[in-house]
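Coordinate analysis (summary)
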Amino acid sequence: MALVGLGATGCAIGTLLAAREDCVLVGAVDQRPDTIGRDLSEFLGLGRLGIAVTSDLGALPATDLAVVATTSDLDRVAQTVIPLLERSINVVSICEQLAYPWESHPQIAKQLDAVAREHGVTVVGTGANPGVLMDTLPMLMSVLTRQVNRVVIRRRTNMSRYGAILSKFGLGLEPTAFAAARNSGQVIGHVGFEQAIGALAAGLGWELDTIVVDDVEPSVVSDRRRQGAHTVIEPGAIAAVTHRARGLRSGDAVIDLEIVFGFFDAEDEVQPGDEYLIEGDDQLITLASNHGFESFLSTVAAAANVATAVVDAPAGLHSMGELPVLAMASKGARIRQAVHR
């Protein structure tokens, strides 16, 4: 397999897959000048692999799988994914907009599906969210009720392990700078609400009137220094933001999603945790995690576990909900050594 994108998440996925008995790393692509020509092992914390990082997709050796961890923008990701598919390489990507692009990016979705089918390979967008937590998981929970009337999900998730993607949330900015960055389109909050809501609605057989995504709002301004894996939040800067979205059907919010993204402190009023409510016509189904599903670790695990499922899946563009549960269940039993990162 090959890695495309050596940011914090891409490297963590690569480290996990490198420990799998059923995966062999053969190549890596990254566009940052300081990575080119260096051995991939430098970024994965492993012994020398003899794999030089390149900026040229065409220089990748033949392989059956590429993991693409570059950007949330599907227009840009498609420019990477299509050449891979044309070489008959299956693709797993953590691009949020690829998780369910049929409604948000219909032309790109059709193109990706057609190219994948033509070359007999599969492409899937995955991650913690979208991919699992706000679409596939509630879809699976809905099995327990005769008919779903409403889905409400509240997530408060720790972002301190992430790197470059934090800029789109505005974490670390002072309130005035946050407002200016949001007005200019630099701070956009969570990318993937439309895809998660679209995938869940499709799974439940719902035709929605519209999907409404609110502006991201600051929710915690830090009064102390907070240290993340790649970023520091200084006093007076925004340490958490809230983002909300709804899927409307006959005027009612039948899918109601809210996420607080932040660097949380033990003294904060807001603490990590996740809550699910599936409102059925026969019963209420609830699920709660007091500490929340750790976003970074969950995204890394989801991408790694889906990798072999994608290789074995039918050709074309697929969402997570279309993959067999057995195929994408955790493959930790295939890890040949402990992974610490």
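Residues numbered from 1 in each chain as written. Predicted model: local features only at pLDDT ≥ 70, side-chain atom pairs only at ≥ 80, totals over all residues. Heavy atoms only, no water.

Quick notes on the packing of aromatic side chains
What the rule picks out here adds up to three aromatic pairs. Relative to Phe-296, the ring of Tyr-162 lies with its centre 5.2 Å away and its plane at 85 degrees, an arrangement referred to as edge-to-face. Separated by 134 residues along the polypeptide, Tyr-162 in the loop between strand S6 (148-158) and helix H6 (175-183) and Phe-296 in helix H8 (residues 295-312) bring together distant segments of the chain. Across this residue pair, the class does not change: Tyr-162 and Phe-296 are buried. Relative to Phe-261, the ring of Phe-169 lies with its centre 4.5 Å away and its plane at 35 degrees, an arrangement referred to as tilted. Residue Phe-169 is located in the loop between S6 and H6, and its partner Phe-261 is located in strand S12 (residues 252-262); the two are separated by 92 residues in the primary sequence. The residues Phe-169 and Phe-261 share a single accessibility class, namely buried. (Phe/Tyr/Trp six-rings, centres within 6.5 Å; stacked < 30°, edge-to-face > 60°. Helix = DSSP H or I, 4+ residues; strand = E, 2+ residues; numbered from the N terminus. Buried < 20%, exposed > 50% of the residue type's maximum accessible area, 1.4 Å probe, protein only.)

Here's the deal with the nonpolar core
In terms of nonpolar packing, the biggest core is built from 77 residues, with Leu-3 and Leu-171 touching the most fellow members. No other element matches the eight residues that H8 contributes to this core. Beyond its immediate stretch of four places on either side in the chain, Leu-3 contacts Gly-10, Gly-14, Leu-25, Gly-27, Ala-28, Val-29, Leu-40, Leu-44 and Val-67. Of all hydrophobic cores here, the second largest spans 26 residues; its members include Val-77, Cys-95, Leu-98 and Ala-109. (Core = buried A, V, L, I, M, F, W, Y, C linked by side-chain atoms within 4.5 Å. Contact = heavy atoms within 4.5 Å.)

Some details on the sheet that holds strand S3 (residues 65-68)
The strands that make up a sheet pair up through hydrogen bonds in the backbone, lying either parallel or antiparallel. Read from one edge to the other, the open sheet built from six strands follows the order S2-S1-S3-S4-S5-S15, with strand pairing classed as parallel. The strands lining the two open edges of the sheet, one partner per strand, are strand S2 (27-29) and strand S15 (316-318). Strand-to-strand twist across the sheet, computed as the mean angle between neighbouring axes with direction ignored, equals 15 degrees. Running over the sheet, helix H4 (residues 106-118) touches strand S5 (122-125) and S15 and is turned about 130 degrees from S15. (Pairing = 2+ DSSP bridges. Axes fitted to C-alpha atoms, helices over the stretch in contact; angles between N-to-C directions.)

Some remarks on the pairing of S3
The alternating pattern of S3 places Leu-65 and Val-67 and Ala-66 and Val-68 on opposite faces, both of which are buried. Examined bridge by bridge, strand S1 (residues 2-4) and S3 share three bridges and lie parallel to one another. Bridge pairing in S3 links Val-4 to Val-68. In this sheet, strand S4 (residues 90-93) lies alongside S3 in parallel orientation, the contact comprising four bridges. Bridge assignment links Val-68 to a residue of S4, and that residue is Ser-93. For the crossover that starts at S3, traverses helix H3 (residues 74-86) and ends in the parallel S4, the hand is right-handed. (Right-handed = clockwise from strand over helix to strand, strands pointing away.)

Details of the environment of Thr-9
With respect to the helices and strands, the residue Thr-9 is situated in helix H1 (residues 8-18). Accessibility expressed as a relative area gives 10% for Thr-9, which makes it buried. Between the C-alpha atom of Thr-9 and that of Asn-129, which follows or precedes it by 120 residues, the distance is 14 Å. If near-sequence neighbours (up to four positions away) are discounted, Thr-9 is found in contact with Ile-94, Tyr-162, Phe-296, Thr-299 and Val-300.

Topic: the packing of H3 against H4
H4 packs onto H3 with a crossing angle of 10 degrees between their chain directions and a minimal axis gap of 10 Å. Between H3 and H4, the angle is such that the two are roughly parallel. Here Leu-74, Asp-75, Ala-78, Val-81, Ile-82, Leu-85 and Glu-86 of H3 come into contact with H4, specifically with Ile-108, Gln-111, Leu-112, Val-115 and Ala-116. When the residues that make up the contact of H3 with H4 are grouped by side-chain class, the tally is nine nonpolar, one polar and two charged. (Parallel < 35°, antiparallel > 145°, perpendicular 65-115°, else oblique. Nonpolar A, V, L, I, M, F, W, Y, C, P; charged D, E, K, R; others polar.)

So, H1
A turn of α-helix holds 3.6 residues, and therefore any two residues three or four places apart point the same way. Among the 11 residues that make up H1, 10 are buried, leaving the element largely enclosed by the rest of the structure. Buried residues of H1: Thr-9, Gly-10, Cys-11, Ala-12, Ile-13, Gly-14, Thr-15, Leu-16, Leu-17 and Ala-18, and no others. Lining the buried residues of H1 we find S1, helix H2 (41-44), S3 and H8.

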